[in-house]
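# Topology and contacts: notes
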Amino acid sequence: MERAIKNFLSQESAGGILLMIAVALAMIMANSPLSGMYQGFLDTEMQIRVGSLDIDKTLIHWINDGLMALFFMLIGLEVKRELLEGALSSAAQASLPTFAAIGGMVFPAGIYLLFNYGDPVTQAGWAIPAATDIAFALGVMALLGSRVPVSLKVFLLALAIIDDLGVVVIIAMFYSTDLSMLSLIVAGIAILGLVGLNRKGVTALGPYGVVGLILWIAVLKSGVHATLAGVIIAFCIPLRAKDGCSPSESLEHSLHPWSTFMILPIFAFANAGVDLSPMSFGDLLSPVPVGIALGLLLGKPLGVLVFSYIGVKLKLAVLPEGMGWKHIAPVAVMCGIGFTMSMFISSLAFVGDAEAYGDFARLGILVGSFASAIIGYFWLAKVLPEVDVVKASKER
């Protein structure tokens, strides 16, 4: 049994499987006699108070503001590594996924607004279908094993990373409200402290953790979403030290299993529970869920393909080696797996009086994401054997 568990946890697809289990469990609890227990658990008040500093939030807000800050830190570490040494370190490598990511954000947002153009309240959810879930998308692709060429995996990874970087910018620009100047000043001082640690060549992670905690609290109190603190901290941690070690990669490797097997499943469990009992069939076809589902299922692949095609035709980008459009197309569909990031944005978009739209948004995310996963998987599975045949003939 122990060996079977270790084998499961070592698989790339394990994270995606755990996410699906968490979603299923949340949906079951939200639509059963356990719904009261489920909601009561998420509404549990948790307070930390030190002198005049008081942080009092419900459990679901601790998850979305606290645990997800660690997830965004991991994203920041991945983005920094790819920008400096990886798949985004040169213009030639970064051009195609950059075009694809931009199209993959513009088209879904446009489709969503097409369905919600007449309602200023629901228009706030325009960015929900613009996000791609790295873990889930790569997990679905990993189910096909070694049949997937490395170049195709790198393309999806680079695209998703640029996509997530775009989401970070969107959150900072469009989902920050009621700003506190005092907290922003404290956050600015903390950022200068982190930059100072980097400039002095400090490689121990402890000092970054202390100053980073101050930054997280300041950003949390400022009105800018607290998860952005995680990205800032990640960008300030050195990628390479003078002795050749990598504090950034060390932290990334430490965070990765926690993110995959704890943070993201907990987030999914807390945010995916949609109570379907009060919804009618007309509600399911209302502008919010339809706009999100179609934005993910149609907008994402169309945007990725159209912008990629433009980049290639303008000779500003090239297709991955050995890959054609028939291979890029199913990957573009997989980019419609918004899930974690889309759920997160929906929790920011529909608050206060608009909170009632949150369930509709989550329903649209679930439908669009799972449809994209299923279609993308079977489409890619169909075209990949052709790649193997070509490879075999070349090797002969």
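If you look the protein chain up in an unreviewed UniProt entry, it shows as Na(+)/H(+) antiporter NhaA from Shewanella canadensis. Of the comments in the UniProt record for the protein chain, the one headed Function (unreviewed entry) reads "Na(+)/H(+) antiporter that extrudes sodium in exchange for external protons." Regarding the protein chain, the relevant UniProt record gives this comment under Catalytic activity (unreviewed entry): "Na(+)(in) + 2 H(+)(out) = Na(+)(out) + 2 H(+)(in)".

### Digging into the overall build of the protein chain
The secondary structure content of the protein chain amounts to 16 helices and 2 strands. For a compact globule of 396 residues, the expected C-alpha radius of gyration is about 21 Å, and the protein chain comes in at 21 Å, within 12% of that figure. The dimensions of the protein chain, computed from C-alpha atoms along their principal axes, are 75 × 60 × 50 Å. Relative to its 396 residues, the protein chain shows a buried fraction of 51%. Contacts spanning at least 24 positions in sequence make up 80% of the contacts within the protein chain whose residues lie at least 6 apart. By element, 68% of the accessible surface of the protein chain is carried by carbon and sulfur atoms, the whole surface being about 18200 Å². The distance from the centre of the 22 positive side-chain charges to the centre of the 27 negative ones in the protein chain is 12 Å.

### Here we look at the packing of aromatic side chains
If you walk through the whole model with that rule in mind, you get 12 aromatic pairs. Clustering of aromatic rings is evident, with ring pairs tying together Phe71, Phe72, Phe267 and Phe344.

### Some details on the nonpolar core
Counting 117 residues, the largest nonpolar core has Phe72, Trp216 and Leu380 as its most contacted members. A total of 13 residues in this core trace back to one element, the largest contributor, which is helix α4 (residues 59–84). Setting aside chain neighbours within four positions, we find Trp216 in contact with Ile55, Trp62, Asp65, Gly66, Ala69, Ala226 and Ala229.

### Quick look at the pattern of salt bridges
Enumeration according to the criterion identifies 7 salt bridges in this entry. Here Arg240 makes a salt bridge to Glu249, at a shortest N to O gap of 3.1 Å. Among the residues examined, Glu249 registers a relative accessible area of 19% and is labelled buried. Here Arg362 makes a salt bridge to Asp359, at a shortest N to O gap of 2.2 Å. Residue Arg362 and its partner Asp359 are both found in helix α16 (residues 357–395); the two are separated by 3 residues, about one turn of the helix. For Arg362, a relative accessible area of 19% puts it in the buried group. Asp359 gets classed as partly exposed once you look at its relative accessible area, which sits at 22%. Salt bridges sharing common partners tie together Arg81, Glu82 and Glu252.

### A short note on the environment of Ala190
Looking at the element boundaries, Ala190 is found in helix α8 (residues 181–199). Taking relative accessible area as the criterion, Ala190 reaches 5% and is therefore assigned buried. Between the C-alpha atom of Ala190 and that of Ile233, which follows or precedes it by 43 residues, the distance is 9.8 Å. When sequence neighbours within four positions are dropped, the list of residues in contact with Ala190 reads Val211, Ile214 and Leu215.

### Examining a nonpolar patch on the surface
Residues Leu298, Leu302, Val306, Ile310, Leu314 and Leu316 make up a contiguous nonpolar surface patch of roughly 510 Å² in combined accessible area. One can find Leu302 in helix α13 (residues 287–313).

### Let's talk about a negative patch on the surface
The grouping of Asp43, Glu45, Asp56 and Glu355 at the surface amounts to a negative patch. Secondary-structure assignment places Glu355 in the loop between α15 (339–349) and α16.

### A short note on the pairing of strand β2 (residues 53–58)
Note that strand β1 (residues 45–50) and β2 share 6 bridges and pair antiparallel. The residue of β2 that forms the bridge with Gln47 is Asp56. The hairpin turn running from β1 into β2, its antiparallel successor, is 2 residues long, and Gly51 in that turn takes a positive phi close to 60 degrees.

### Some points on the state of the cysteines
Applying the stated criterion across every chain yields a total of 0 disulfides. Left without a disulfide partner, Cys236 is nearest to the cysteine sulfur of Cys245, which lies 17 Å away.

### Describing the environment of Cys236
Structurally, Cys236 can be placed in helix α10 (residues 227–236). For Cys236, a relative accessible area of 9% puts it in the buried group. Along the primary structure Cys236 and Arg199 are separated by 37 residues, whereas in three dimensions their C-alpha atoms are 9.1 Å apart. The contact partners of Cys236, leaving out residues within four places of it in the chain, are Lys80, Leu194, Val195, Asn198 and Tyr208.

### Some remarks on helix α9 (residues 205–222)
Here α9 contains 18 residues, and its C-alpha end-to-end distance of 25 Å stays within 8% of the 26 Å for a straight helix at 1.5 Å per residue. Residues of α9 that are buried include every one of Tyr208, Val211, Gly212, Leu215, Trp216, Ile217, Ala218, Val219, Leu220 and Ser222, and no others. The inward-facing, buried residues of α9 abut β2, α4, α8 and α10. Remark: Gly223 follows α9 within two positions and exhibits a positive phi of approximately 105 degrees.

### What to know about the packing of helix α5 (residues 91–116) against α13
Two elements in contact, α5 and α13, have axes whose closest approach is 6 Å; the angle formed by their N-to-C orientations is 145 degrees. Where α5 crosses over α13, the two elements pack in a sense that is right-handed.

The rules behind each value
- Along each chain, residues carry numbers from 1 onward, in the same order as the chain's sequence is written.
- Predicted model: local features are reported for residues with pLDDT of at least 70 only, side-chain atom pairs are reported and counted for 80 or more only, and whole-chain, interface and lining totals are derived from all residues.
- Side-chain descriptors were evaluated using all non-hydrogen atoms of the structure, hydrogens and water having been removed beforehand.
- UniProt positions are given in the numbering used here, feature names are shortened, and annotations may be inferred rather than shown by experiment.
- Every helix listed is a DSSP run of H or I at least four residues long, and every strand listed is a run of E at least two residues long, numbered separately from the N terminus.
- With the radius of gyration taken over C-alpha atoms, the globule rule is written as 2.2 Å times the number of residues to the power 0.38.
- In this scheme, a residue with accessible area under 20% of its type's maximum is buried, one over 50% is exposed, and one in between is partly exposed, where area comes from a 1.4 Å probe on protein chains only.
- The contact criterion used throughout is that any non-hydrogen atoms of two residues lie within 4.5 Å.
- Only the protein chains shown count as cover for residues, with accessible areas throughout obtained via the Shrake-Rupley method and a probe of 1.4 Å.
- We score Asp and Glu as negative and Lys and Arg as positive, and we do not count His or the chain ends.
- To locate a charge, take NZ of a lysine, CZ of an arginine, CG of an aspartate or CD of a glutamate.
- A pair of Phe, Tyr and Trp rings is counted when the ring centres sit within 6.5 Å of each other, with Trp represented by its six-membered ring. The angle between the planes then sorts it: under 30 degrees is stacked, over 60 is edge-to-face, the rest tilted.
- Only buried residues count toward a nonpolar core. Its members are Ala, Val, Leu, Ile, Met, Phe, Trp, Tyr and Cys residues joined through side-chain atoms within 4.5 Å.
- When a carboxyl oxygen of Asp or Glu is within 4 Å of a side-chain nitrogen of Lys or Arg, the pair counts as a salt bridge.
- Patch membership is restricted to residues that have no salt bridge and whose relative accessible area is over 30%. Joining uses 9 Å for like charges and 5 Å for the nonpolar side chains Val, Leu, Ile, Met, Phe, Trp and Tyr.
- What makes two strands pair is DSSP finding at least two bridges between them.
- Any two cysteine sulfur atoms lying within 2.5 Å of each other are counted as a disulfide.
- Helix span is expected to be 1.5 Å times the residue number reduced by one.
- Lines fitted to C-alpha atoms define the axes here, with helix axes fitted over just the stretch in contact, and angles between the N-to-C directions of these axes take values from 0 to 180 degrees.
- It is the rotation of the near helix from the far one that decides the hand of a crossing: anticlockwise by less than a right angle makes it left-handed, clockwise makes it right-handed.

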